[in-house]
Amino acid sequence: MSINPHLPPDLETRVVNFQQSTAEHAKLKAAYELARIACSRVGSEKVVIVTGPTGVGKSTMARKLYRDLRNDCRDEVGASPDIIPVLGLSAVPATGRTFSWKDFYIRLLHQARDPVTNTSLLAPSTPDLLGDVIVDSPADRMVADKLRRCVETALKRRKCRWLIIDEGHHILLHKDALVNQIQFETLKSLASETNATIVLVGTYKLLDIRDRSGQLMRRSDIIHLPRYDLLKHEDQDSFIQVLKRFEGYFDLAMPPVLVKDSTQFLIKTIGCVGILKEWLARAYAEYLRLGCTRPFDISFALPYALPNKALITIATEATEGEEKLRDVNDRALVNILTSRQVDPSAERWAPVNGKRPSIPTPKQAGRRSEEHTSELQSPMYLVCRLLLEKK
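The next thing to look at is the overall build of the protein chain. Helix and strand content of the protein chain: 18 helices and seven strands. The buried share of the protein chain, taken over its 391 residues, is 41%. Surface accessibility of the protein chain: about 22300 Å² in total, with carbon and sulfur atoms responsible for 53%.

See below:
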């Protein structure tokens, strides 16, 4: 007998229904709105980076962005069924030392319904020992560079304006920073050649490549989907609203009790809604399997939470990523702009003795040699001094 006659009686179906539910919340809405704005700008950055800690809900946001962009173009697609304004796929991690662009291009061409991925265009290869026929497509026999040209042609022909890549950090997993920079440049070049905006969704690993290139920082738009902070009262209140939403997704005779232990739920998920949802789904499945009649609360759910060591690892990665996103003050910028001297041997600007000295006072500046006088009286130096004095 079903607990609720309006829902399927199968227990697995009830758990799946819970897993497919989406609890829209304050931080997700804010990041999503920024993503929509970034995707709608004319002549905007060609690469939009959506980043945040693992389990915060980035994939959920990527799927929503994909659906809404596609719905926005419904009339356009209806008038011309051959076009595909938005494409989406996940970057599959490398099976070897580096990311496989060939596999990525083939998957992308398949999403674009390109004929080059049609397996019926070639005769099947020799059957294997089990008698199964291995069927190749023309794309499988191409090298990566040729596939790249096919991708560019396909995206232009399909008039693709947005390419959403989930798990984008899988592209940048190489230990060599130069290789990762080349990978990112490849994506930027693809966006430039096809006039499409690439939305790269992934963990804070994406920020490593951004910080290594001033050009990449200038040409990319970064959107942060943060976790809920235990130290902020407004975040605690918002997290309570998330728990209330999840309480309504359970199909139980006795309503679950989650809100009263909101602080503990926040701690055991480090404020990530995706981690919370996975935890509740595991506990919910076990609750149904055991046929429990006790309340579904924190005391029942705790054994199914992630281990504290795992949470510490996730929390450490999150705090380090948040630190990368934190901007510096104006004084740090002024120090960079004013702590340089001429290096005659290299004919370039360089720090003094490998260090950035503090900005000299007018008295100290007066004692400098005449060769530095013109530098100290330059418009840039006077502007920087004025900024510091206002500080």
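This part is about the pattern of salt bridges. Overall, the coordinates contain 17 salt bridges when judged by the stated rule. We note a salt bridge from Arg107 to Asp103, for which the minimum N-O separation is 2.7 Å. Pair noted here: Arg107 and Asp103 are both in helix α5 (residues 101–111), with a separation of four residues, about one helical turn. Exposure remark for Asp103: the relative accessible area of 29% places this residue in the partly exposed category. For the salt bridge of Glu323 with Arg326, the shortest nitrogen-to-oxygen distance reads 2.2 Å. Three or more residues joined by partner-sharing salt bridges are found here, namely Glu24, Lys64 and Asp68.

This next bit is on a nonpolar patch on the surface. A surface patch of nonpolar side chains, about 310 Å² in accessible area, is lined by Leu230, Leu231 and Ile267. Turning to its location among the elements, Leu231 is positioned in the loop between β5 (220–224) and α10 (233–247).

Attention now goes to the packing of helix α6 (residues 144–157) against helix α7 (residues 177–194). For the pair α6 and α7, interaxial distance at closest approach is 9 Å and the crossing angle is 40°. The orientation of α6 with respect to α7, classified from their angle, is oblique. For the crossing formed where α6 meets α7, the hand is right-handed. Residues Arg148, Val151, Glu152, Leu155 and Lys156 of α6 lie in contact with α7, whose contacting residues are Thr186, Ser189, Leu190, Glu193 and Thr194. For the contact of α6 with α7, the class distribution of residues is three nonpolar, three polar and four charged.

Turning our eyes to something else, we now look at the confidence of the model for the protein chain. Interpreting fine coordinate detail is not advised for predicted regions of low pLDDT. Confidence in the prediction for the protein chain averages 81 pLDDT; 76% of positions are at 70 or higher. Across residues 1–8, confidence stays below pLDDT 50; counting only partners more than four residues off in sequence or on other chains, it has 12 contacts. Counting interchain partners and residues more than four positions distant, the pLDDT-below-50 stretch residues 341–350 has 11 contacts.

Attention now goes to the nonpolar core. Buried together is how nonpolar side chains tend to be arranged in soluble globular proteins. Core analysis: the biggest nonpolar cluster contains 35 residues, and Leu87, Phe104, Leu163, Ile165 and Ile171 have the highest contact counts within it. Counting residues per element, the ones that place at least two in this core are β1 (47–51), β2 (86–90), α5, α6, β3 (162–166), α7, β4 (197–202) and α8 (205–210). A per-element tally of this core places α5 first, with six residues. Residues in contact with Ile171, not counting those within four places in the same chain, are Ala91, Phe99, Trp101, Ile165, Asn180, Gln183, Leu187 and Leu200. Ranked by size, the runner-up nonpolar core spans 27 residues in total, among them Leu258, Phe265, Leu280 and Ala305.

In this section: the side chain of Thr194. For Thr194, the location among the structural elements is in helix α7. Setting aside residues up to four positions removed in sequence, Thr194 forms contacts with Glu152, Leu155, Lys156 and Cys160.

Our focus in this paragraph is the sheet that holds β2. Read from one edge to the other, the open sheet built from five strands follows the order β2-β3-β4-β1-β5, with strand pairing classed as parallel. Either end of the sheet is taken by a strand with one partner, and the two such strands are β2 and β5. Within this sheet the neighbouring strands show an average axis-to-axis angle of 15°, counted without direction. On the sheet, α5 packs against β2 and β3 and is oriented at approximately 140° with respect to β2. Running over the sheet, α7 touches β1, β3 and β4 and is turned about 145° from β4.

Attention shifts here to α6. Between its first and last C-alpha, α6 extends 20 Å over 14 residues, near the 20 Å set by a 1.5 Å rise per residue. Here α6 has its buried residues at Leu147, Arg148, Cys150, Val151, Glu152, Ala154 and Leu155. Each element contacted by the buried residues of α6 is listed here: β2, α5 and α7. Trailing α6 by a residue or two, Lys159 shows a phi angle of about 55°, which is positive.

Turning next to the packing of α5 against α6. Following both chains from N to C, one finds α5 and α6 inclined at 30°, their axes separated by 9 Å at the closest point. Between α5 and α6, the crossing angle belongs to the class labelled roughly parallel. Handedness of the α5/α6 crossing: left-handed. Contacts between α5 and α6 involve Lys102, Tyr105, Ile106, Leu108 and Leu109 on the former and, on the latter, Ala144, Leu147, Arg148, Cys150, Val151 and Ala154. Grouping the amino acids of the contact of α5 with α6 by side-chain chemistry returns nine nonpolar, no polar and two charged.

Basis of the calculations
Residues numbered from 1 in each chain as written. Predicted model: local features only at pLDDT ≥ 70, side-chain atom pairs only at ≥ 80, totals over all residues. Heavy atoms only, no water. Helix = DSSP H or I, 4+ residues; strand = E, 2+ residues; numbered from the N terminus. Buried < 20%, exposed > 50% of the residue type's maximum accessible area, 1.4 Å probe, protein only. Areas by Shrake-Rupley, 256 points an atom, 1.4 Å probe, with all protein chains shown as cover. Salt bridge = Lys/Arg side-chain N within 4 Å of Asp/Glu carboxyl O. Patch = residues over 30% accessible without salt bridge, like charges linked within 9 Å, V, L, I, M, F, W, Y side chains within 5 Å. Axes fitted to C-alpha atoms, helices over the stretch in contact; angles between N-to-C directions. Parallel < 35°, antiparallel > 145°, perpendicular 65-115°, else oblique. Left-handed = near helix turned anticlockwise from the far one by under 90°. Contact = heavy atoms within 4.5 Å. Nonpolar A, V, L, I, M, F, W, Y, C, P; charged D, E, K, R; others polar. pLDDT = per-residue confidence, 0-100. Core = buried A, V, L, I, M, F, W, Y, C linked by side-chain atoms within 4.5 Å. Pairing = 2+ DSSP bridges. Expected span 1.5 Å × (residues − 1).

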